[in-house]
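# Structural features, examined
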Amino acid sequence: MDNSEHWKVLSFLFALKEINQNPQILPNVTLGYAIHESGSSRKGTAKALLDLLSKGEADVPNYSCGKRKNTLGVLEGADADMSIDISNLLNPYKIPQLHPFLSIAQHYNNSIEGVYLDEKGNLAADFDIMYWVRFPNWSIYKMNVGILEREGCSEDTFKFRMDQNAIRRAVQVDEPLPTSRCVDSCRPGFVRLLDPLKPACCYSCVPCAEGTISTEEDAKHCVRCPEDQHPNKDQNQCVPKVKTFLSYTEDLGIVLTSFTLLFSFSTGFTFSIFVKYLETPVVKANNRDLSYLLLISLLLSFLSSFLFIGQPKKTTCLLRQSVFSIIFSVAVSSLLAKTIMVVLAFLATKPGNTVRRWLGKSLGNSIVLSCSAVQVMICTIWLGTSPPFPDSDMHSQAGEIVLQCNEGSVTMFYTALCYMGFLAAVCLVVAFLARRLPGAFNEAKLITFSMLFFCSVWISFVPTYLSTKGKYMVAVQVFSISVSSAGLLGCIFFPKCYIILFRPNLNTKEQLILKSKTEI
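Residues numbered from 1 in each chain as written. Predicted model: local features only at pLDDT ≥ 70, side-chain atom pairs only at ≥ 80, totals over all residues. Heavy atoms only, no water.

An unreviewed UniProt entry lists the protein under the name Vomeronasal type-2 receptor 26-like, with Notechis scutatus given as the organism. Of the protein, the UniProt comment under Sequence similarities (unreviewed entry) reads exactly: "Belongs to the G-protein coupled receptor 3 family." UniProt annotates the protein under Subcellular location (unreviewed entry) with the comment "Cell membrane". (UniProt positions renumbered as here; feature names shortened; annotations may be inferred.)

A tally of regular secondary structure across the protein gives 13 helices and 16 strands. The proportion of buried residues among the 520 residues of the protein is 36%. Of the contacts formed within the protein by residues at least 6 apart in sequence, a portion of 53% connects residues at least 24 apart. For the protein, the accessible surface area stands at approximately 30500 Å², while carbon and sulfur atoms represent 61% of it. (Helix = DSSP H or I, 4+ residues; strand = E, 2+ residues; numbered from the N terminus. Buried < 20%, exposed > 50% of the residue type's maximum accessible area, 1.4 Å probe, protein only. Contact = heavy atoms within 4.5 Å. Areas by Shrake-Rupley, 256 points an atom, 1.4 Å probe, with all protein chains shown as cover.)

Neighbouring strands of a sheet are bound in pairs by backbone hydrogen bonds; such pairs are parallel or else antiparallel. As summarised here, the arrangement of the three strands in space is β14-β16-β15, forming an open sheet in which the pairing is mixed. Each edge of the open sheet is held by one strand with a lone partner, namely β14 (242-244) and β15 (389-393). Averaged over all pairs of adjacent strands, the angle between strand axes in this sheet comes to 30°, irrespective of strand direction. Where β15 lies against strand β16 (residues 400-406), five bridges are found, and the strand directions are antiparallel. The residue bridging D393 from the neighbouring strand is V402, located in β16. (Pairing = 2+ DSSP bridges. Axes fitted to C-alpha atoms, helices over the stretch in contact; angles between N-to-C directions.)

Of the residues in the protein, 76% have a pLDDT of 70 or more, and the chain-wide mean is 79. Ranking the elements of the protein by mean pLDDT puts strand β3 (residues 106-108) last with 48 and helix α5 (residues 251-276) first with 93. Counted against residues more than four places away or in other chains, residues 102-108, with its pLDDT under 50, gives 28 contacts. (pLDDT = per-residue confidence, 0-100.)

You will see that D218, though not glycine, has its phi angle at about 55°, which is positive. As for its position among the elements, D218 is in the loop between β10 (212-213) and β11 (223-224). A residue is classified by how much of its surface remains accessible, and D218, at 18% relative accessible area, is buried. Positioned with a positive phi, Q235 is a non-glycine residue whose angle comes to about 55°. The class for Q235 is buried, based on a relative accessible area of 16%.

Written as structure tokens, this is what we have:
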């Protein structure tokens, strides 16, 4: 490269630098360049052109991999023959070619329109400067941003004009297109709600219904989670449900267990007092054997609560309702037998009454056995036809799998409860009618109060049990068992324990006879 060519290159580089640094000429557009030395040989020129047309590292035209460049034009200074070769190679790619001595009268550029030159290589006509934008769908938008025109009759004088406003508008067109919708995309956890009165691109985003999720944008519908999973807070994914049951470690389980143990120890302590003072008038006067049976059944009632606490298993589910029903039936039957024995004992004191021959242990035992046998029969049929079993409730509590005992037959469950209610009602009526008997037989008053309390607890149990769900149903039943048993223990035995321990002067046969005569 001689000095004259060197100065031409420097002038070219200086012109590019001035254009790039002036934002008023080509805003947001930076021109680049690549300079090739052909050595004035056809082979060197061909190699330079192949490298210019190749988008990759290798000289392979139409192959794009690796480097990226967008050729807008070729400025060459070859002789006429070589310029023709260059033009023939560039024309298929519609790349403009600039040469001050181009002898052909026409060549093609990117506009796919001819550029006409005279015999000296100068422009034979004016031409427009166009700004092209090609969209993703390969459509093309063209805008006139300037003009290059001959000035007067002079062949060497040209006037160059650029429309800055047109350039700004063209650049705006080249910016990313706005989305063709009037709302933002619906996030996961929401679903599209189309409005029939508006275009399809205008819709509302509403949260998924409870128990459903959506995992993608602009979801058309929400889907339900599997039974053992539930939606997270954002309703965009399913998470495993937590298994729950009335356990010994949670606060509610600890409270119920503590009260059950307290009442059990109290029952055991009361039983030990009655055994220690079994020969005293207070213990004898109220049918000692039935009192022992009642205390044992109350103790077992308290202990049966532990069958309801903890993770349900096949054995506990099979036994808990049946054991509870039979034990409570024995307890209520014992109270009924004591009440009937009080009435018969009072009638036996009247002269000429034949009831005396019915009195004895066999009568009380027969009442207890016959009444309890009916409950045993009900529970046997229940276990034989549709026994309870461990089950999982996945729907009553959101986000939880409640481990519970399925009662098998709801009809048999309420049949057992109704039979206990029947025994309690009969016992209450008999005790109420016998409440005004003489003082030596005044246990009927205590039985009346205890059965009133017992019936109140279990009447309120039914609606409360039906209105609760999950582990709280079990807690309601455990609470009812403990409270009703504690009511029987307190109303019937605590007054006797008070006399035995703190008022021994009243625990004599003379005091009982004196009180009986006074009330008569």
